[in-house]
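Listed below, chain by chain, are the residues.
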Amino acid sequence: MPLPLWTPDNRVPLFVFGLTTGVAVTAAFQYLYSSLSKRNQPPPPADYDPLPGNAVGGLRPDTQFESTIQRLEREFTINTSMLHNLVKAFTRDMERGLKRENSVIKMIPSYVERRPSGDETGTYLALDLGGSNFRVCEVTLLGKGQVRTRQKKFVVSEALKTGTGEQLFDFIADCVEQFMGELNIGKDTKLKMGFTFSFPVDQHALNKGNLFLWTKGFTASGVVGTDVVQLLQDAFHRKDLKIDVTALVNDTVGTLISHAYVDNATYMGVILGTGSNAAYVEKMENIPKWKGPPSSTGEMVINMEWGAWGQDGIILPTTAYDLKVDRASPNPRKQTYEKMISGMYLGEITRQILLDLISTGEIFGGRHCSALEAPYSFETAYMSRIERDHSMELTDTRTILEDLYGIKKTTLSDRRLIKRICQLIGTRAARLASIGIASVVTKMNRLHGCTVAVDGSVYEHYSYFRTRMIDALKELLGVNADNITLAQARDGSGQGAALIAALADHGEL
Ligand code: GLC
């Protein structure tokens, strides 16, 4: 299945001053990291094709080619010692988030105090909004970890993402009405619903939460600072639907809970898709900022909102290319970690590098390519295809560049360089993602064994992503990495919301 097209079309102007300062600061950090890195280089990835010693393509001397690659390798490589340092910083920021509000990593208590037993039963509706697709599901829990789901997918257009909140929520209500019609569920039927809303929300009850800020290209007006359950409930009232939204759930929390229904060793849920985030089970005594009622289990699932990590600008080894992507995004200076690891941005980072190398004449003989000029026009899915291209002449890479992007007469050395760039960006993303997982699993004291449920198009479809994550986990956790199972979860977030609605219905939350 191809990865979706990530094309937010709402941009903000570039802040030249901010960019210049940012580049200087980043360059200083980069220097620090690269001097450290000389001592501790990771082995090249298993899928790395070494470059031939002689000229390939013939447009420029080999030395130019090598030096471009070396520069990019220096900028984009996260070696083992950097991994360890970043885990320390990540762990410190997690702890800060558990202590106080307004930390970089928000660590939001989800009001979900238990994982399911596997015996829950009943029929619930679930909504799943968080990216370019929106899903309505009817979930029947059959007990013994069995679930039957009927669902329908709808596309959320750019106009809806960037219009008004009312239009967005009316669209959702329309989709629900249409879905109920197709399933012959009468309009007057009273139904309970779990709402998966995959954006940072200041949750103040199981079914209440105000949107902190939009991410992933959404900007719909009138929603930030407002209770999204109320907005949804109002839209249902406008349509006379008798639906009671009883749980507001982040996709990471839904993924954790739905996977725990079938595998009770699951303590963490991760999304590596258009955006990235994670949720895990924390002990109440480790959440000093919690002011709510005591939890009956002594535990609470935390929606970390880890995508924001690094947005204070001092931790992550961002490059000038990352800064360009950030400054031109709909949410500049936000979600730094997410912008380095998730599907919405990997293609865009690559595009920025390609534009730079065209401008310096290092690729395509310096010929301008109009198809690459449009923001977000280089798809992350193509990076994955290029990485999988092991043909001698890199023929599939040629098809992508020449047929899909209209770049005339690429040379083998152009294509090799581009493949190496994709490997660097993809590898950096996977290694960075492992930092979050290693930190959480260590903090939970579960190095002896647990399952981490991972969902999302990047994890599922991007070539070598999982293997690279496992390699980085081994560098970080040694033999303990073997005790951590990264389990592929699929479409769990909707089911998870239904399960949480079921737990609430049975008075367990
Ligand atoms: C973004 C959202 C977060 C969500 C993640 C994955 O980071 O802010 O809530 O979990 O994307 O969809």
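Residues numbered from 1 in each chain as written. Predicted model: local features only at pLDDT ≥ 70, side-chain atom pairs only at ≥ 80, totals over all residues. Heavy atoms only, no water.

## A look at the nonpolar core
So, step 1. Counting 110 residues, the largest nonpolar core has Met268, Leu272, Tyr280, Met304, Trp306, Trp309 and Ile437 as the members making the most contacts within it.
So, step 2. In terms of residue count, helix α13 (residues 412–443) provides more of this core than any other element does, 15 residues in total.
So, step 3. Counting residues in hydrophobic clusters, the runner-up holds 40 residues, among them Val136, Ile185, Phe195 and Leu241. (Core = buried A, V, L, I, M, F, W, Y, C linked by side-chain atoms within 4.5 Å. Buried < 20%, exposed > 50% of the residue type's maximum accessible area, 1.4 Å probe, protein only. Helix = DSSP H or I, 4+ residues; strand = E, 2+ residues; numbered from the N terminus.)

## Overview of the packing of aromatic side chains
So, step 1. The final tally for this structure, using the stated rule, is 20 aromatic pairs.
So, step 2. Centroid distance Phe90 to Tyr337: 6.0 Å. Interplanar angle 55°. Geometry classified as tilted. Highlighted residues: Phe90 in helix α3 (residues 80–99) and Tyr337 in helix α9 (residues 336–341), separated in sequence by 247 residues.
So, step 3. Taking the relative accessible area as the measure of exposure, Phe90 reaches 0% and is therefore buried.
So, step 4. Each ring, one from Phe134 and one from Phe171, has its centre 6.1 Å from the other, and the planes form 55°; the classification is tilted. Residue Phe134 is found in strand β3 (residues 133–143), and its partner Phe171 is found in helix α5 (residues 165–182); the two are separated by 37 residues along the sequence.
So, step 5. The exposure class assigned to Phe134 is buried, which follows from its relative accessible area of 0%. (Phe/Tyr/Trp six-rings, centres within 6.5 Å; stacked < 30°, edge-to-face > 60°.)

## Topic: the sheet that holds strand β8 (residues 243–249)
So, step 1. Read across the sheet, five strands follow the order β4-β3-β2-β5-β8 without closing on themselves; strand pairing throughout is mixed. Lying at the two open borders of the sheet, with one neighbouring strand each, are β4 (146–155) and β8. The average angle at which neighbouring strand axes cross in this sheet is 25°, direction not considered.
So, step 2. For strand β5 (residues 191–197) and β8, the ladder comprises six bridges, and the chain directions are parallel. Paired with Leu191 across the strands is Ile243, a residue of β8.
So, step 3. In the packing of α5 onto the sheet, contacts are made with β2 (121–129), β3, β4, β5 and β8, and the angle to β4 comes to roughly 130°.
So, step 4. The sheet contacts of helix α6 (residues 228–238) involve β2, β5 and β8, and relative to β8 the element is tilted by about 155°. (Pairing = 2+ DSSP bridges. Axes fitted to C-alpha atoms, helices over the stretch in contact; angles between N-to-C directions. Contact = heavy atoms within 4.5 Å.)

## Quick look at the environment of Val112
So, step 1. Here Val112 lies in the loop between β1 (108–109) and β2.
So, step 2. Val112 gets classed as buried once you look at its relative accessible area, which sits at 2%.
So, step 3. A C-alpha to C-alpha distance of 5.8 Å links Val112 and Met300, two positions 188 residues apart in sequence.
So, step 4. Those residues in contact with Val112, other than ones at most four positions away along the chain, are Leu206, Val253, Ile257, Met300, Val301, Ile500 and Leu509.

## Focus on the sheet that holds strand β9 (residues 266–272)
So, step 1. Strand order across the open sheet formed by six strands is β1-β11-β10-β9-β12-β13, with mixed pairing between neighbours. On the outer flanks of this sheet lie β1 and β13 (484–488), each paired with one strand and no other.
So, step 2. Pairing geometry for β1 and strand β11 (residues 299–303), over two bridges, is antiparallel. Residue pairing across strands places Pro109 opposite Ile302, the latter belonging to β11.
So, step 3. Sheet strands in contact with α13 are β9, β10 (276–283), β12 (450–455) and β13, and its direction is about 165° off that of β9.
So, step 4. Most of the contacts of helix α15 (residues 465–477) go to β13, to which it runs at about 165°, and overall it touches β9 and β13.

## Examining the side chain of Thr255
So, step 1. Here Thr255 shows up in helix α7 (residues 251–262).
So, step 2. In this structure Thr255 comes out as buried when scored by relative accessible area, which is 0%.
So, step 3. With residues up to four places along the chain from it excluded, the contact list for Thr255 reads Gly269, Val270, Ile271, Ala453, Asp455, Ala489, Gly492 and Ser493.

## Brief notes about the site of the ligand
So, step 1. Neighbouring the ligand are 15 residues; Lys216, Asn250, Asp251, Glu305 and Glu338 lie closest to it.
So, step 2. The separation between an oxygen atom of the ligand and a polar main-chain atom of Ser198 is 3.4 Å.
So, step 3. Between an oxygen atom of the ligand and a side-chain N or O atom of Lys216, the distance comes to 2.9 Å.
So, step 4. Here the ligand has 310 Å² of accessible area as a free molecule, and 98% of this is covered by the chains.
So, step 5. At the level of secondary structure, the elements contributing two or more residues to the shell around the ligand comprise α7 and β10.
So, step 6. In the shell around the ligand, the residues fall into three nonpolar, eight polar and four charged. (Near = heavy atom within 4 Å. Polar contact = N/O pair within 3.5 Å; in protein donor to acceptor, adjacent residues only side chain to side chain. Areas by Shrake-Rupley, 256 points an atom, 1.4 Å probe, with all protein chains shown as cover. Nonpolar A, V, L, I, M, F, W, Y, C, P; charged D, E, K, R; others polar.)

## Digging into the packing of helix α8 (residues 320–327) against helix α10 (residues 343–359)
Angle between the axes and distance between the axes: these two values describe a pair of packed helices.
So, step 1. Closest axis-to-axis distance for the α8/α10 pair is 9 Å, and the angle between their directions is 115°. Crossing of α8 against α10: the hand is right-handed. In contact with Tyr321, Asp322, Lys324 and Val325 of α8, α10 contributes Tyr345, Glu348, Ile349, Gln352, Ile353 and Asp356.
So, step 2. Residue composition of the contact of α8 with α10, grouped by class: five nonpolar, one polar and four charged. (Left-handed = near helix turned anticlockwise from the far one by under 90°.)

## Here's the deal with α7
So, step 1. Compared with the 16 Å implied by 1.5 Å per residue over 12 residues, the 17 Å span of α7 between its first and last C-alpha is a close match.
So, step 2. Summarising burial for α7: 11 of the 12 residues are buried, a large majority.
So, step 3. Inspection of α7 places Asp251, Thr252, Val253, Gly254, Thr255, Leu256, Ile257, Ser258, His259, Ala260 and Tyr261 among the buried residues, and these make up the whole buried set. (Expected span 1.5 Å × (residues − 1).)

## Notes on the packing of α7 against helix α16 (residues 492–505)
So, step 1. With their axes 7 Å apart at the nearest point, α7 and α16 run at an angle of 75° to one another. One way to sum up the angle between α7 and α16 is to call them roughly perpendicular. Counting all contacts with α7, which are made through Asp251, Val253, Gly254, Thr255, Ile257, Ser258 and Tyr261, the residues of α16 involved are Gly492, Ser493, Gln495, Gly496, Ala497, Leu499 and Ile500.
So, step 2. Looking at side-chain class alone, the contact of α7 with α16 contains six nonpolar, seven polar and one charged residues. (Parallel < 35°, antiparallel > 145°, perpendicular 65-115°, else oblique.)

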